[in-house]
Amino acid sequence: MSGLARAVRRVAAVGLAAARRGESGGGGGGRRWGWGLALGLALGVKAAAGSEAGGGPEKEAAAAAARRGFGAAIERSRDLLRRIKDEAGIPGILVGVSVDGREVWSEGLGYADVENRVMCKPETIMRIASISKCLTMMAVAKLWEEGKLDLDAPVQKYVPEFPEKVYEGEKVTITTRLLVSHLSGIRHYEKDIAKVKEEKEKANRALKLTKSGQDKEQKEKDGKGIEKTDSDKPKKEHEGEVKSRNSKPGRRDKEFEHEEYYLKEKFESVIESLKIFKNDPLFFKPGDQFLYSTYGFTLLSAVVERVSGQKFTEYMLKMFRDLDMLSTVLDDNEAMIYNRARCYVYNKKGRLVNAPYVDNSYKWAGGGFLSSVGDLLKFGNALLYSYQAGQFRNSNGKLLPGYLKPDTVAMMWTPVPKTEVSWDRDGKYAMAWAVVEKKQQCGFCRRQRHYASHTGGAVGASSVLLILPEELDSHAEDTAEVAPPRGVIVSIICNMQSVSLNSTALKIAREFDKEKRAQNID
């Protein structure tokens, strides 16, 4: 303790003594003065001691961020996350942000384990749900680059156990390319074709109404000459996100009413897990309509297994080691996994309860991995580096190759016709990623930035990974001091289901991008 702190503590003791004298003497004014002084000085000592000791993980994170120049973005983003956490009743939430390949903020808010009062921390591991699809796509892309996998060959070339399909009396072909963009026609968790088609018709009608409303609103704003940039979105966006988290947070929405979310059977291989759906009819003709399907990725895992010559899980774990993602593992109930959080839902009475037991071995590729926000940032940076590596010409031969080739990532992030994205109305689905393209229709109006993202929803968990590449100019590309990756990456995971996080991640990415640009101007 510093000499100043010791001196203040001595003065506090004097104040307490004065308070006691005031009590014994019956002097009300002295009593109030003595206790007030003692309390004020004691609080002062506590604050000083707190700053000496680091002030806890929150202050340490803020101090580290401030040193990196992102203190204001941290504060605004933390406040946003706290509001989301409170509104949705989330027990624990993790966030990680990297700027230009450097992790500038990672933090846990709330509880990883409510019963045992274990707090979240940056190293906490949670279910990442459908972000698993992005990891699987990385493996598919690598095998394609190596010439081992033909994206346009029938899947039966690699997995003869999957039967050939017929749609409306016509023999049809399912390829790997169709699987990764959810155009195969393979069902998701809903088994009733009529229900699925009815829901799609409703969604299409709603989309048309939304678009017509947006066009009308845009015309009105253009007429009034209102300036609107990408960093200024309407208030409706936040309201929509709150609604999507349900008025009763953590309750099962329609998606989580399907029984197959709660399978408890442990499958010994990905080939064995095909039996769940392989004999079911296709819901649409392959290539004709978008139908999001986790089971399509279960079939994809069988393709990866046969092409690589290794068990799918072994191949993926090796890839994680290559990417330095040492905290990314299978969601295995039996394994001892340090820093694993518990998962939660709300019951019908609105009380927080533990999420039901599930075994995700039937969908490793589509939703079966656990990870930390730090590992997801590493994954995002590996992709962003690969994407941008070819754009830096004046690197003096010092630039290492990316894990994938730039053209491969560009292909992965190219929107595919006939696709859609439920979590981002501006986006289209590409190859295991949702992509929003750069667009600005009118001068001084909303400017849309290019970014890629994927969300996830699992039993007792929600997640998002968002990559916002920097808009590189020719000067930056020709500067030897500047190297990829350039851009902002945000990962958020929480231990509560049915929480929409994409809009929150985009807002956080904009905060850090704005502060980064301000630093460059200064």
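From a predicted model like this one, the values you see are computed outputs, not experimental measurements.

**Thoughts on the pairing of strand β2 (residues 102–113)**
Part 1 of the reasoning: A large share of β2 lies buried, amounting to nine of its 12 residues.
Part 2 of the reasoning: The pairing of strand β1 (residues 92–99) with β2 spans eight bridges and is antiparallel. By the bridge assignment for β2, Leu94 is matched with Gly108.
Part 3 of the reasoning: Counted between consecutive antiparallel strands, the loop separating β1 from β2 contains two residues, among which Asp100 sits at a positive phi close to 55°.
Part 4 of the reasoning: As judged from the two bridges shared by β2 and strand β3 (residues 118–119), these two strands associate in the antiparallel manner.

**Thoughts on the sheet that holds strand β10 (residues 369–371)**
Part 1 of the reasoning: Across the sheet, three strands lie side by side as β4-β10-β7; this open sheet has antiparallel pairing. The open sheet is flanked by β4 (126–127) and β7 (329–330), the only strands paired with a single partner.
Part 2 of the reasoning: As paired elements, β7 and β10 share two bridges and run antiparallel to each other. If you follow Leu330 over to β10, its bridge partner there is Phe369.

**Some words on the environment of Met119**
Part 1 of the reasoning: Within the fold, Met119 resides in strand β3.
Part 2 of the reasoning: Not counting the four nearest positions on each side in its chain, Met119 is found in contact with Gly110, Tyr111, Ala112 and Thr124.

**Here we look at the pattern of salt bridges**
Part 1 of the reasoning: Counting across every chain of the model gives 31 salt bridges.
Part 2 of the reasoning: Between Asp426 and Arg446 there is a salt bridge, with the nearest N and O atoms lying 2.5 Å from each other. With Asp426 in the loop between α14 (406–412) and β11 (428–429) and Arg446 in the loop between β13 (439–440) and β14 (447–448), the pair connects residues that are 20 residues apart, well separated along the chain.
Part 3 of the reasoning: Judged by relative accessible area, which is 22%, Arg446 ranks as partly exposed.
Part 4 of the reasoning: Among the ionic pairs, Glu470 bridges to Lys516, the shortest N-O distance being 2.4 Å. Remark: Lys516 occurs in helix α16 (residues 502–521) and Glu470 occurs in the loop between β16 (461–469) and α15 (474–477); sequence separation between them is 46 residues.
Part 5 of the reasoning: Taken together, the shared-partner salt bridges in this structure form one network comprising Lys438, Arg447, Arg449, Glu471, Asp513 and Arg517.

The rules behind these values
- Residues numbered from 1 in each chain as written.
- Predicted model: local features only at pLDDT ≥ 70, side-chain atom pairs only at ≥ 80, totals over all residues.
- Heavy atoms only, no water.
- Buried < 20%, exposed > 50% of the residue type's maximum accessible area, 1.4 Å probe, protein only.
- Helix = DSSP H or I, 4+ residues; strand = E, 2+ residues; numbered from the N terminus.
- Pairing = 2+ DSSP bridges.
- Contact = heavy atoms within 4.5 Å.
- Salt bridge = Lys/Arg side-chain N within 4 Å of Asp/Glu carboxyl O.

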